[in-house]
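Next come the chains, spelled out residue by residue.
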Number of protein chains: 2
Amino acid sequence: MALDSVQTPEGESAEALGGSAVYFSLAARHFAPVRMVGVVGTDFPDAHRELLIRCGVDIAGLQAVPGRTFRWVGRFGKDFNRAQTLDTQLNVFEKFDPRLSPEQASCSVLFLANIDPDLQRRVLEQMAAPKLVVCDTMNFWIGLKRKSLEELLTRIDVLIVNEEEAQQLSGDSNNVRAGLFLTRRGPRVVVVKKGEHGVLCVAGGVVHPLPAFPMETVKDPTGAGDSFAGAFVGALAEGSLDLRDIGALKRALAYGAVVSSVNVSDFSTRALETLTRPVIEERLRGYRELVNVS
Amino acid sequence: MALDSVQTPEGESAEALGGSAVYFSLAARHFAPVRMVGVVGTDFPDAHRELLIRCGVDIAGLQAVPGRTFRWVGRFGKDFNRAQTLDTQLNVFEKFDPRLSPEQASCSVLFLANIDPDLQRRVLEQMAAPKLVVCDTMNFWIGLKRKSLEELLTRIDVLIVNEEEAQQLSGDSNNVRAGLFLTRRGPRVVVVKKGEHGVLCVAGGVVHPLPAFPMETVKDPTGAGDSFAGAFVGALAEGSLDLRDIGALKRALAYGAVVSSVNVSDFSTRALETLTRPVIEERLRGYRELVNVS
């Protein structure tokens, strides 16, 4: 849960709603019920809570504690694939120790957003019997907590990382080999995100490339990866949890490509807020038409 | 026509057969008869001529003139998407002024490899009635001969450029907008090549993304773009020359992805020399299976 201030060549936002859990939930809600767990400070605007509730996200797991909400200040230049972090204020996030209610712990699908891998493990250990565990991480944790992260990899089903993270984690600069390497470290499926160039998805020893939805205008790439993950994991939850079903897996990835392309078309969560399932389906049809080779 | 000396993290080659015309022809020959036009010096090995003939390429248009053959010395680091030029010796290429025989001038499809746009225009003007004209270029000519190149764009059907060239030519850092812009400058189809990330193909105002064939091992990316162009243009020549047939266009691009992935699996033209149509077809089926979303 974050308040983001972002500058891009297309404009800027100030203390806008953001954070992995928010982007993920706003994307996933179209496919399956979402129970969000996170922490905010006393300064977190009620309007944001109301928005999430209005969008059907269960925010019972949203703790409010004394202090200020996590803040991120970032900038995107002409290269929309890479954010430049100008400031990070952990604030209440620094002492976050997520506790799941019995309801939350009973979910069949778990997405562990990018936090300390020790915290990710503690959340996983609170789950009753998850059928699908998907995990994100970042360069910071790979550098600082590699051991914890590698241990966690043996306990998850799907790892989602960007290409720099895949390379850092595997020590291999070839994305294809890096992805294959990581599937031998635990997760049955590894998704390597490449921004405007789409993703590579490694499953069953095979590397599937899926392009991004081509966008003439990108206003704000913030949350592209998390909204991708939200639609992807949501679509898996709605459909098949069997990761051997490659057709379903690729359709879920295509939903990810579609929803994240909508997300980057406006600042903060604006485009996600008004998105509807029929628009997603129409765009998925368009994606298929663009991509499929007869 | 070149003798290339290339270093990559996977090894090196010295004075090996190379050049746009060679890579293009060795890829295109699987789909349609190819009449190659180019220039070499007296030092050009007979073995290379014999190879081209054995592969079915018509080399009647291969002039041999006193002097040394064009040479390129380059290096690829970990980033296989970008070559570093260490040395370029134009040699006999400097005074090359291609003259077409009546047979060559009667071809229905013309590929103008990356040379001075004024020479490209002069070749085009020698053609009797080409049905499809495809053109490549590079940063050097965009900087030095922009006017000639822009004039040429109004007389071609398909432009093939990499993303840096698309951006330089359009002044737009967004590949999607750059490609769309270029289709408004003449060519009905623009292909923007992105190395390991595949291509964007703009046709009829629509941007189609096609991923590259995922490769665990890339030994030598030299000629990736030219072998892509060869298979792509060859497949168009074999099938439909109607660029409004988007299905055929995408299948031709997929052939390009497949053949260029074979090319980069070994140094120089080695992998292309032994490639057969059944292997191409098998790999195309694999590509479809990897890429298509149901």
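Residues numbered from 1 in each chain as written. Chains lettered and ligands numbered in written order. Predicted model: local features only at pLDDT ≥ 70, side-chain atom pairs only at ≥ 80, totals over all residues.

(A) A look at the overall build of chain A. Counting secondary structure elements, chain A contains 12 helices and 12 strands. For 294 residues, the compact-globule estimate of 2.2 N^0.38 gives 19 Å, and chain A sits close to it at 18 Å. Considered along the principal axes of its C-alpha atoms, chain A spans approximately 55 × 40 × 35 Å. Burial analysis of chain A (294 residues in total) assigns 51% to the buried set. (Helix = DSSP H or I, 4+ residues; strand = E, 2+ residues; numbered from the N terminus. Rg over C-alpha atoms; globule rule 2.2 N^0.38 Å. Buried ≥ 20, exposed ≤ 12 C-beta atoms within 10 Å, placed from the backbone.)

(B) The packing of helix H9 (residues 224–238) of chain A against helix H10 (residues 246–263) of chain A, seen in detail. All names here are of chain A. Viewed as axis vectors pointing N to C, H9 and H10 meet at an angle of 145 degrees, and their least axial separation amounts to 7 Å. The way H9 lies across H10 gives a crossing that is right-handed. Across the interface between the two elements, Ala224, Ser227, Phe228, Ala229, Gly230, Ala231, Phe232, Ala235 and Leu236 from H9 touch Arg251, Ala252, Leu253, Tyr255, Gly256, Ala257, Val258, Val259, Ser260 and Asn263 from H10. Of the residues that constitute the contact of H9 with H10, the class distribution is 13 nonpolar, 5 polar and 1 charged. (Axes fitted to C-alpha atoms, helices over the stretch in contact; angles between N-to-C directions. Left-handed = near helix turned anticlockwise from the far one by under 90°. Contact = placed C-beta atoms within 7 Å. Nonpolar A, V, L, I, M, F, W, Y, C, P; charged D, E, K, R; others polar.)

(C) The arrangement of the interface of chain A and chain B in detail. Tallying the contact residues gives 28 residues for chain A and 28 residues for chain B. Contributing elements (two or more residues each) for the side of chain A that touches chain B: helix H8 (175–183), strand S12 (206–210), H10 and helix H12 (277–291) of chain A. Residue composition of the side of chain A that touches chain B, by class: 14 nonpolar, 7 polar and 7 charged.

(D) Examining the relation of the copies chain A and chain B more closely. For the match of chain A to chain B, the screw axis carries a shift of 0.0 Å, the RMSD comes to 0.0 Å, and the turn is 180 degrees. Accordingly, the operation relating the two chain copies is best matched by a two-fold axis. Of the C-alpha atoms belonging to chain A, the one lying closest to the rotation axis is found on A:Asn292, 2.3 Å away. Take the interface residues of chain A: 100% of them recur as interface residues in chain B, which is what a same-surface contact looks like. (Least-squares fit on C-alpha atoms with pLDDT ≥ 70 in both.)

(E) Region of interest: the pairing of strand S4 (residues 58–64) of chain A. All names here are of chain A. In this structure, strand S3 (residues 35–40) lies alongside S4, joined through 5 bridges in parallel fashion. For Val37, the partnering residue across the bridge sits in S4 and is Gly61. For the crossover that starts at S3, traverses helix H2 (residues 46–54) and ends in the parallel S4, the hand is right-handed. (Pairing = 2+ DSSP bridges. Right-handed = clockwise from strand over helix to strand, strands pointing away.)

(F) Molecular detail of helix H7 (residues 163–170) of chain A. Residues and elements named next belong to chain A. With 6 of 8 residues buried, H7 is to be regarded as a mostly interior element. The complete set of buried residues in H7 reads Glu163, Glu165, Ala166, Gln167, Leu169 and Ser170. Against helix H5 (139–144), strand S9 (158–162), H8 and strand S10 (189–193) lie the buried residues of H7. Two residues or fewer after H7 comes Gly171, characterised by a positive phi angle close to 75 degrees.

(G) View of the sheet that holds strand S5 (residues 71–76) of chain B. Residue and element names in this part refer to chain B. The mixed open sheet is built from 4 strands, whose spatial order is S2-S1-S5-S6. The sheet is open, and its two edges are formed by strand S2 (11–18) and strand S6 (83–89), each paired on a single side. Neighbour to neighbour, the strand axes of the sheet diverge by 15 degrees on average, direction disregarded. The sheet contact formed by S5 and S6 spans 6 bridges and is antiparallel.

(H) Broad picture of the sheet that holds strand S1 (residues 2–8) of chain A. All names here are of chain A. One open sheet holds the 4 strands; their spatial order is S2-S1-S5-S6, and the pairing between them is mixed. Of all the strands in the sheet, the pair left with one neighbour each is strand S2 (11–18) and strand S6 (83–89). The mean inter-strand angle of the sheet, taken between neighbouring strand axes irrespective of direction, is 15 degrees. Across 6 bridges, S1 lies against S2 in antiparallel orientation. Paired with Leu3 across the strands is Leu17, a residue of S2.

Read these as layout, nothing more, since geometry by itself doesn't imply function.
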